[in-house]
Amino acid sequence: VLTVGTSRAGKTTFNYMLAKLILDRLGGRCVTLEDPVEGRLSEAIRGPDASCRQQEVPVEAWEVALASVLRQRSEMVLTSEIRTAASARVTVELAT
């Protein structure tokens, strides 16, 4: 899911709500890459066998951080910003 909108439009709130709904019902592992971490999704999840690791990653390091997420076995990855062509390319790679 790619969520777009203006500043303060509720993108993060929507993405957190969607992730919580999925993880609470189905379980699984989630990783978030944010700059800065905007909420405590990991504390809100109550699903069976569900976990979420939130990482604060400066935008300059996103390409490396996204590439490392590819090697992990997470069912869900949330990123808060796609600001460069390189991070867009890695994000699309994650989604396929």
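Whatever comes next refers back to the structure up there.
Residue numbers restart at each chain and count upward from 1, following the sequence in its written direction. In view of the model being predicted, local features appear only for residues whose pLDDT reaches at least 70, and side-chain atom pairs are presented and counted only at 80 or more, with totals across whole chains, interfaces and linings using the full set of residues. As a rule here, side-chain values come from all non-hydrogen atoms in the structure, and water together with hydrogens is ignored.

Attention now moves to the pairing of strand β1 (residues 28–34). The buried fraction of β1 is high, at six of seven residues. Two strands pair if DSSP finds at least two bridges between them. Secondary structure elements follow DSSP: runs of H or I no shorter than four residues count as helices, runs of E no shorter than two count as strands, and numbering proceeds from the N terminus. By the bridge criterion, seven bridges tie β1 to strand β2 (residues 50–56) in an arrangement that is parallel. Note that in β2 the partner of glycine 28 across the bridge is alanine 50. Two elements, β1 and strand β3 (residues 76–79), share four bridges in a ladder whose sense is parallel. Paired with threonine 32 across the strands is leucine 78, a residue of β3. Buried means the residue's accessible area, taken with a 1.4 Å probe over protein chains only, is under 20% of the maximum for its type, while exposed means over 50%, and partly exposed covers the values in between.

These figures capture arrangement, not role.
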